Amino acid sequence: MSNHRAADEAAIQAVLADSYKAWAAGDADAMVADYTADATAIMPGSLRDSRDVIRQSMALAFAGPLACSTTVNKQLGLRFVGTDAAIVISESAILFPGETEAPDERKVNATWVFEKRDGHWQIAAYHNSPALAPAQ
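Keep in mind the model is a prediction, meaning the values are calculated, not measured.

## With respect to the layout of surface pockets
Put simply, the largest pocket is a space of about 570 Å³. Elements with a contribution of two residues or more to the lining of the largest pocket: helix H1 (3-25), strand S1 (35-43), helix H3 (51-63), strand S3 (70-80), strand S4 (85-95), strand S5 (108-117) and strand S6 (120-130). With four residues, the single largest contributor to the lining of the largest pocket is H3. Residues belonging to the lining of the largest pocket are distributed by class as follows: 17 nonpolar, six polar and four charged.

## A few points about the packing of aromatic side chains
On inspection of all chains with the given rule, the structure shows four aromatic pairs. Aromatic side chains Tyr20 and Trp112 sit 6.2 Å apart centroid to centroid with 75 degrees between the ring planes, which places their arrangement in the edge-to-face category. You can see Tyr20 sitting in helix H1 and its partner Trp112 sitting in strand S5, a full 92 residues away along the chain. Between Trp23 and Phe62 the ring centres are 5.4 Å apart and the planes differ by 75 degrees, which places this aromatic pair in the edge-to-face class. Linking Trp23 in helix H1 with Phe62 in helix H3, this pair joins segments that are 39 residues apart in sequence. Among the residues examined, Phe62 registers a relative accessible area of 9% and is labelled buried. Linked through ring pairs, Tyr20, Trp112 and Tyr126 together constitute an aromatic cluster. Between Arg5 and the ring centre of Phe80, over which it is positioned, the NZ or CZ distance is 3.9 Å.

## Points about the pairing of S1
Pairing analysis gives four bridges linking S1 to S6, with the strands arranged parallel. In the strand pairing of S6, Thr40 is matched with Ala125. Judged from the three bridges that link them, S1 and strand S2 (residues 46-48) form a sheet pairing that is antiparallel. The residue of S2 that forms the bridge with Met43 is Ser46. Hairpin connection from S1 to S2: two residues lie between these consecutive antiparallel strands, with Gly45 at a positive phi of about 85 degrees.

## Notes on H3
The end-to-end C-alpha distance of H3 is 18 Å, a good match for the 18 Å that 13 residues give at a rise of 1.5 Å each. Burial in H3 covers these residues: Ile54, Ser57, Met58, Ala61 and Phe62. In a view along the axis of H3, the buried residues occupy a sector of 135 degrees, so they form one face of it. Residues of H3 that are exposed and angled more than 90 degrees away from the buried face: Leu60 and Ala63.

## What about the nonpolar core?
If you look at the biggest cluster of nonpolar residues, it comprises 26 residues, and the most contacted ones within it are Tyr35, Met58, Trp112 and Phe114. Within the residue set of this core, elements represented by two or more residues are H1, helix H2 (28-31), S1, H3, S4, S5 and S6. Top contributing element to this core by residue count: H1, with five residues. Residues in contact with Phe114, not counting those within four places in the same chain, are Ile12, Val15, Leu16, Asp84, Ala85, Ala86, Val88, Trp121, Gln122, Ile123 and Ala124.

Cut-offs applied
As a convention, each chain's residues are numbered from 1 in the sequence order in which they are written. The predicted origin of the model limits local features to residues at a pLDDT of at least 70 and limits the giving and counting of side-chain atom pairs to 80 or more, whereas totals for whole chains, interfaces and linings rest on all residues. For the side-chain quantities, the full set of heavy atoms in the structure was used; hydrogens and water were omitted. Lining residues are defined by having an atom within 4 Å of a point belonging to a cavity or pocket. Those points lie on a 1 Å grid over the protein atoms alone, cavities being sets where a 1.4 Å probe fits but cannot get out and pockets being open sets with protein on both sides within 12 Å along at least five of seven lines. Grid points are joined across faces, edges and corners, and a volume is the space filled by probe spheres set on the points. Each helix is a run of DSSP H or I of at least 4 residues and each strand a run of E of at least 2, with the numbering of both proceeding from the N terminus. Each residue is assigned to one of three groups, with Ala, Val, Leu, Ile, Met, Phe, Trp, Tyr, Cys and Pro labelled nonpolar, Asp, Glu, Lys and Arg labelled charged, and all others, Gly among them, labelled polar. Aromatic rings from Phe, Tyr and Trp, with only the six-membered ring used for Trp, were paired whenever their centres fell within 6.5 Å, and each pair was classed as stacked if the ring planes differed by under 30 degrees, edge-to-face if by over 60, and tilted otherwise. Remark: exposure states derive from per-residue accessible area (1.4 Å probe, protein chains only) relative to the maximum for the residue type, with buried under 20%, exposed over 50%, and partly exposed in between. The rule is short: NZ of Lys or CZ of Arg within 6 Å of the ring centre and within 35 degrees of the ring normal puts a charge over the ring. In short, DSSP must find at least two bridges between two strands for them to pair. Here the expected length of a helix is defined as 1.5 Å per residue gap, with one fewer gap than residues. By construction, the arc corresponds to the directions joining the helix axis to the C-beta atoms. Here the nonpolar core consists of buried residues drawn from Ala, Val, Leu, Ile, Met, Phe, Trp, Tyr and Cys, with membership extended through side-chain atoms lying within 4.5 Å. Here a residue-residue contact requires only that any non-hydrogen atoms of the pair lie within 4.5 Å.

Shape is all these values report; function is a separate question.
As structure tokens, then:
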């Protein structure tokens, strides 16, 4: 990997770390600070079609069911698509107060799409799906 790509990879990982830190702080504004204005987030049963909509839904969640929660995240892969795009694959789960480990049924696989705009890496899209298929 060239030094340029190493710097890009580090910048992308810093964006993710900031997002995870903002989640732990329950700070919806900081969580979406590195999202593009036209970002999308797709999770089972929902489509959030802009940074503002994502921020609003996270603010409500942090004030309600996700209050005092954190996340655990494991990067499974990162690949660049051209010079200004990257895809990160991760496994994540929400930890609720008092938990040190998430049950398998709460784990998700996620795809993060990054775009480099004006020299800064931003999250353009996020999608997650349960890591395990539901029991039949």
